[in-house]
Amino acid sequence: MTTAPWRDPALTAAARVDDLLSRMTLEEKTAQLYGVWVGASTDGDGVAPLQREMTAEYDWDELITHGLGQLTRPFGTAPVDPALGAQALARAQRRIASSGRFGIPALAHEECLAGFTAWQATAYPVPLAWGAAFDPPLVEEMGRHIGRDLRAVGVHQGLAPVLDVVRDPRWGRVEETIGEDPYLVGTVGAAYVRGLESAGVVATLKHFAGYASSAGARNLAPVRAGVREFADVTLPPFELALREGGARSVMAAYTDTDGIPASADPGLLTELLREQWGFTGTVVADYFGVGFLQTQHRVAGTEAEAAHAALAAGLDVELPTLKCYGKPLLEAVRAGEIAEELIDRAARRVLLQKCELGLLDEDWDPEPTGRIDLDSTANRALARRLAERSVVLLDNPDGVLPLSPDTRIAVVGPRAADALAMLGCYSFPSHVLTHHPDIPMGIEIPTVLEALRGELPDAKVTFAEGCGVDTPDTGGFEEAVARTAEADVCVAVLGDRAGLFGRGTSGEGCDATDLRLPGVQGELLDALVATGVPVVLVLLTGRPYALGRWHGRLAASVQAFFPGEEGGPAVAGVLSGRVNPSGRLPVSVPQEPGGQPWTYLQPPLGLAGEVSNLDPTPLYPFGHGRSYTTFAWESEAVGAEITTDGSYDVSVAVRNTGDRAGAEVVQLYLHDPVATVTRPDVRLIGYQRLELAPGEASRVTFRFHADHSAFTDRTGRRVVEPGALELRLAASSTDVRHTARLTLTGPVRELGTDRRLRCETEVEPGAEETA
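For clarity, every value in this text was computed on a predicted model and none was experimentally measured.

Caption draft 1: Spotlight on the pattern of salt bridges. All told, the structure shown has 60 salt bridges when counted by the stated rule. Residue glutamate 176 is joined to arginine 173 by a salt bridge in which the shortest nitrogen-to-oxygen separation is 2.7 Å. Here arginine 173 falls in the buried class, since its relative accessible area comes to 2%. One salt-bridge network, held together by shared partners, links Asp375, Arg380, Arg384, Glu388, Glu455, Glu565, Glu566 and Arg578.

Take a look at the structure:
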């Protein structure tokens, strides 16, 4: 029997797909452009916006006779035993393949924002914690582990990472972002992509683009970002993750920018993404995003018009389930209202990806092989390591931390004894399991209270909840104050409860009116401080909260951003001293709670000044974090004159001058004193984490290139301008240790898409200090 060309692995993927497309009917090509969400609820609370209203009915048996593009969340919709789920997915895939003429299986996708969103799978720290770790290699390793788990059960595509840059910390999805700086977001996000893709999983960049800039920090609100902010803040992380991470899919954002929804924007999805950046993968809809063009944006009058607008813009796949790309699209094509070439274009991209994944090969086999363990010992060890590196010691003015091993400790607060306090809204227990209260958690998640008792077995530890996360009830204050008054130190564990669409204090659709601690937790903290007993504040949150009210009144402050299933031991390890804290803030911590949505990327008018009585200066700046050891920095960098296409190496030697091992994060910031458009006062352009033993020194060299000073000018060009610059070696965005002054000479230079995106670093380990 002669093998059809599209089955021949000796041919190029393009030749195989071209042959296959020539054999397919309109129905078969269109079937590759939508997913089906088996088991998705059409009543009650959903896990996607307007899920109940937007989920369409379909006949499964009839549907799959034409093939199927995607299977939506076979593991992430309801609790499924991983081994049984893998077998069920394999059966479904065989059925899909056997029902169509060409035997093409679906591409299965899942959420993997902070680990595989599946029952019994490892719940890693949320992306905001990745940013706090300032450790791309560790994030890449995590991405590789997550990818292997996805592939082990038959999943091909992961809907992560989120590359939105925080613009207003009141936004509910701050926990899903990596931080407020595009360079940090891009470098850490690209590392995650590399890890996921190295395991053979298609990484999907979210949300392209502008979603985090929604007006008033409301989920899915219009975006009013200017052209230069979009170009210089919003887009760079996506470009970096595509160029350096190799992501093969992009998800269109829900939002509209200046009146144009992302899902219907050919300038964004085709001209920029494909023609300028050279992207060749697939663009998928955020869940129900195509239908939203009709129902939410009202730029389409019918489902067919919505499908046309999305396809024409360059959106290839409708997720999570068919609605617009099904019957409405078919009828419009047959009526001559939509060109079949748009179907062919999108189907070709989908089939090329399936070909790359081996789904068109004759020897394709969906059966899982080997033992399936989605929460392995190696996974947990990795989750612990990332959690430990992400914990930020905000302040420790009196040296109360580490805690004495035999002290009396009152642990107080609504987050101290709740396992869910560790998890973000896209972890399976918070995202799905809340709808299945009779099903066990599926993974072990030690609480801070449990972990602290384990860390300090000789300490006398008492507990009082004090209050709920977001309830007005103060009835527990009396007991909490009593326990505190009996103790030598109080550990107040406060923070967020992750949820969806108002069912939490952090997470998708859980936006905040201001940055006060939720509920009456602030009043509880006041009552604890009033006892006179030293209070150590521990925050388990998905966003920063204003802490100026307690500045100077706390013995110490510790910030952890939903640190995952091993977060309890990680936080307890910092409190006990087993872990030397090394996290740095990926978002600024504000002084005051109201009216100042602020990130550190501010031009002069965004800084404090005499023209307003409101001071937006944060209490703790971007990049801030303390340690239990000390570091000395030495640099001879003074600066130089270079051309607008030149480079300059700036170095600093860092020595651990304390008596215990620790990590310092060396940060390089750029200050541009004068430009033709306003520029951020400082912005991060490089960083390096250094692990140093007592007395050990290392030298880090940043290879600055003039490209790193580029910005978008008044005409929309990305340019390097001649003039003065400052390179600031710093321990945070405000803690500058050394400055090198550069002068750029020569003409204004316009940059293209081949510009340098990353500031390369080199680390030279030093010798032990001798007496």
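We are not done yet, so read on.
Caption draft 2: Main features of the sheet that holds strand β13 (residues 489-495). Taken together, the six strands give an open sheet; going across it, the order is β10-β15-β14-β13-β11-β12, and neighbouring strands pair in mixed fashion. This sheet does not close on itself; its edge strands, each paired only once, are β10 (392-395) and β12 (460-464). The average undirected angle you get between the axes of adjacent strands in this sheet is 20 degrees. Relative to β12, strand β11 (residues 408-412) runs parallel, the two being bridged by five bridges. Across the sheet, the residue bridging to valine 411 is phenylalanine 463, located in β12. Strands in contact with helix α18 (residues 448-455) are β11, β12, β13 and β14 (535-541); relative to β12, the strand with the most contacts, it is inclined by about 170 degrees. The sheet contacts of helix α20 (residues 521-529) involve β11, β13 and β14, and relative to β13 the element is tilted by about 175 degrees.

Caption draft 3: How the structure looks around the packing of helix α13 (residues 303-313) against helix α14 (residues 327-334). The N-to-C vectors of α13 and α14 enclose an angle of 80 degrees; their axes lie 8 Å apart at closest approach. If you check the angle between α13 and α14, you find them roughly perpendicular. Contacts from Glu303, Ala304, Ala307 and Leu311 in α13 reach Pro328, Leu329 and Ala332 in α14. Tallied by class, residues from the contact of α13 with α14 come to six nonpolar, no polar and one charged.

Caption draft 4: Up close: the pairing of β13. Summarising burial for β13: seven of the seven residues are buried, a large majority. Residues Val489, Val491, Val493 and Gly495 of β13 are buried on one face, and the alternating residues Cys490, Ala492 and Leu494, pointing to the opposite face, are buried as well. Pairing of β11 with β13, which is carried by four bridges, proceeds in the parallel orientation. Paired with valine 411 across the two strands is valine 491, which belongs to β13. Note: β13 against β14, six bridges, orientation parallel.

Caption draft 5: Molecular detail of the sheet that holds strand β2 (residues 70-72). If you trace the seven strands from one edge of the open sheet to the other, you get β1-β2-β3-β4-β5-β6-β9, paired in parallel fashion. Every interior strand has two partners, whereas the edge strands, β1 (35-36) and β9 (282-285), have only one. As paired strands, β1 and β2 are joined by two bridges and run parallel to one another. Counterpart to glycine 35 in the pairing with β2 is glutamine 70.

Caption draft 6: Structural view of the packing of aromatic side chains. Scanning the entire structure with this criterion turns up 14 aromatic pairs. Three or more aromatic residues joined by ring pairs make a cluster, and in this case those are Phe134, Tyr183, Tyr600, Phe622, Tyr669 and Tyr687. Lying across the ring of tyrosine 426, lysine 206 places its NZ or CZ 5.4 Å from the centre. Directly above the ring of tryptophan 633 sits arginine 737, whose terminal nitrogen or CZ lies 4.9 Å from the centroid.

Caption draft 7: Structural detail: the packing of helix α9 (residues 227-234) against helix α10 (residues 236-245). Contact geometry of α9 with α10 gives a least axis separation of 5 Å together with a crossing angle of 40 degrees. Residues Phe230, Ala231, Asp232, Val233 and Thr234 of α9 touch α10, and the partners they reach there are Pro236, Pro237 and Phe238. The residue inventory of the contact of α9 with α10, partitioned by class, reads six nonpolar, one polar and one charged.

Scoring rules and cut-offs
Residues numbered from 1 in each chain as written. Predicted model: local features only at pLDDT ≥ 70, side-chain atom pairs only at ≥ 80, totals over all residues. Heavy atoms only, no water. Salt bridge = Lys/Arg side-chain N within 4 Å of Asp/Glu carboxyl O. Buried < 20%, exposed > 50% of the residue type's maximum accessible area, 1.4 Å probe, protein only. Pairing = 2+ DSSP bridges. Helix = DSSP H or I, 4+ residues; strand = E, 2+ residues; numbered from the N terminus. Axes fitted to C-alpha atoms, helices over the stretch in contact; angles between N-to-C directions. Contact = heavy atoms within 4.5 Å. Parallel < 35°, antiparallel > 145°, perpendicular 65-115°, else oblique. Nonpolar A, V, L, I, M, F, W, Y, C, P; charged D, E, K, R; others polar. Phe/Tyr/Trp six-rings, centres within 6.5 Å; stacked < 30°, edge-to-face > 60°. Lys NZ or Arg CZ within 6 Å of the ring centre and 35° of its normal.

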